[in-house]
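Reading the structure
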Amino acid sequence: MALLLDPLFHYWTLTGDSRVPEIVVKWCDFLDRQRMVPDGSKAYYVINCFAGLDPKEKPSALGPDMEMHNAEIAYTFALGSFFNKDPKRLAVYRKRFDQLFPLAVAQNVNRPARAFNWAFQFSSQLIYFMQHEGG
């Protein structure tokens, strides 16, 4: 989703389109409510492109590398924090960010070789989002 959220943020900076904050906040709410493992350490696969290939696999099964997406999910909650003015939601997003980002930076993202680039490709804006949380 960071692949979509990052261009959406840039689009919003150019246009101020009010739909963008709404999309981001609704996505964060969905992630928080439906897609995080119980301990908050990673997300379930949201779209399992291999669903149905293994009849024993549950739709919310964890992939073998979902923790490698923690930086991306942290970015998502940081952007949600940027756009959200509701103190309750902001606290939830901040908690998710605070759980995921330290896990993301503690990972060995040197294997496979491309892992570092895709894990942190959008992380440069995290500081800006978190300093301006709550709009």
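Residues numbered from 1 in each chain as written. Predicted model: local features only at pLDDT ≥ 70, side-chain atom pairs only at ≥ 80, totals over all residues. Heavy atoms only, no water.

1. A word on the pattern of salt bridges
Counted by the stated rule, this structure contains five salt bridges. Arginine 89 serves as the salt-bridge partner of aspartate 29, at 2.2 Å between the closest nitrogen and oxygen. With a gap of 60 residues between them, aspartate 29 in helix 2 (residues 19-35) and arginine 89 in helix 4 (residues 87-106) connect regions that are remote in the sequence. For aspartate 29, a relative accessible area of 15% translates into the label buried. Given the relative accessible area of 31%, arginine 89 is considered partly exposed. Between arginine 96 and aspartate 32 there is a salt bridge, with its nearest N and O atoms 2.8 Å apart. Of this pair, arginine 96 sits in helix 4 while aspartate 32 sits in helix 2, placing them 64 residues apart in sequence. Among the residues examined, arginine 96 registers a relative accessible area of 13% and is labelled buried. Classification of aspartate 32 by relative accessible area gives partly exposed; the value is 24%. (Salt bridge = Lys/Arg side-chain N within 4 Å of Asp/Glu carboxyl O. Helix = DSSP H or I, 4+ residues; strand = E, 2+ residues; numbered from the N terminus. Buried < 20%, exposed > 50% of the residue type's maximum accessible area, 1.4 Å probe, protein only.)

2. Focus: the packing of helix 3 (residues 70-83) against helix 4
The geometry of helix 3 relative to helix 4 is characterised by a closest axis approach of 8 Å and an angle of 155 degrees between their N-to-C directions. Taken together, the axes of helix 3 and helix 4 lie roughly antiparallel to each other. In the crossing of helix 3 with helix 4, the sense of the turn from one axis to the other is left-handed. Between helix 3 and helix 4, the residues in contact are Asn70, Ala71, Ile73, Ala74, Phe77, Ala78, Gly80 and Ser81 and Leu90, Tyr93, Arg94, Arg96, Phe97, Leu100, Phe101, Leu103 and Ala104, respectively. Of the residues belonging to the contact of helix 3 with helix 4, the class tally is twelve nonpolar, three polar and two charged. (Axes fitted to C-alpha atoms, helices over the stretch in contact; angles between N-to-C directions. Parallel < 35°, antiparallel > 145°, perpendicular 65-115°, else oblique. Left-handed = near helix turned anticlockwise from the far one by under 90°. Contact = heavy atoms within 4.5 Å. Nonpolar A, V, L, I, M, F, W, Y, C, P; charged D, E, K, R; others polar.)

3. Observations concerning the environment of leucine 31
Mapping leucine 31 onto the fold places it in helix 2. A C-alpha to C-alpha distance of 9.8 Å links leucine 31 and arginine 96, two positions 65 residues apart in sequence.

4. Considering the packing of helix 2 against helix 4
Relative to each other, helix 2 and helix 4 sit at 65 degrees, their axes nearing to 11 Å. The two elements helix 2 and helix 4 cross, and the hand of that crossing is left-handed. Where helix 2 abuts helix 4, its residues Val25, Cys28, Asp29 and Asp32 lie against Arg89, Val92, Tyr93 and Arg96. The residue makeup of the contact of helix 2 with helix 4, split by class, is four nonpolar, no polar and four charged.

5. Section: empty space enclosed by the protein
Rolled over the atoms, a probe as big as a water molecule pinpoints where empty space is left. Taken as a whole and judged by the stated rule, the model has one cavity of 30 Å³ or more. One number sums up the size of the largest cavity: a volume of about 60 Å³. Lining the largest cavity are ten residues, with Ala71, Glu72, Ala119, Gln121 and Phe122 positioned closest to its centre. When residues of the lining of the largest cavity are traced back to their parent elements, those giving at least two are helix 3 and helix 5 (115-120). When the residues that make up the lining of the largest cavity are grouped by side-chain class, the tally is seven nonpolar, two polar and one charged. (1 Å grid on protein atoms, 1.4 Å probe; cavity = no way out; pocket = protein on both sides within 12 Å on 5 of 7 lines; lining within 4 Å. Points joined across faces, edges and corners; volume = space filled by probe spheres on them.)

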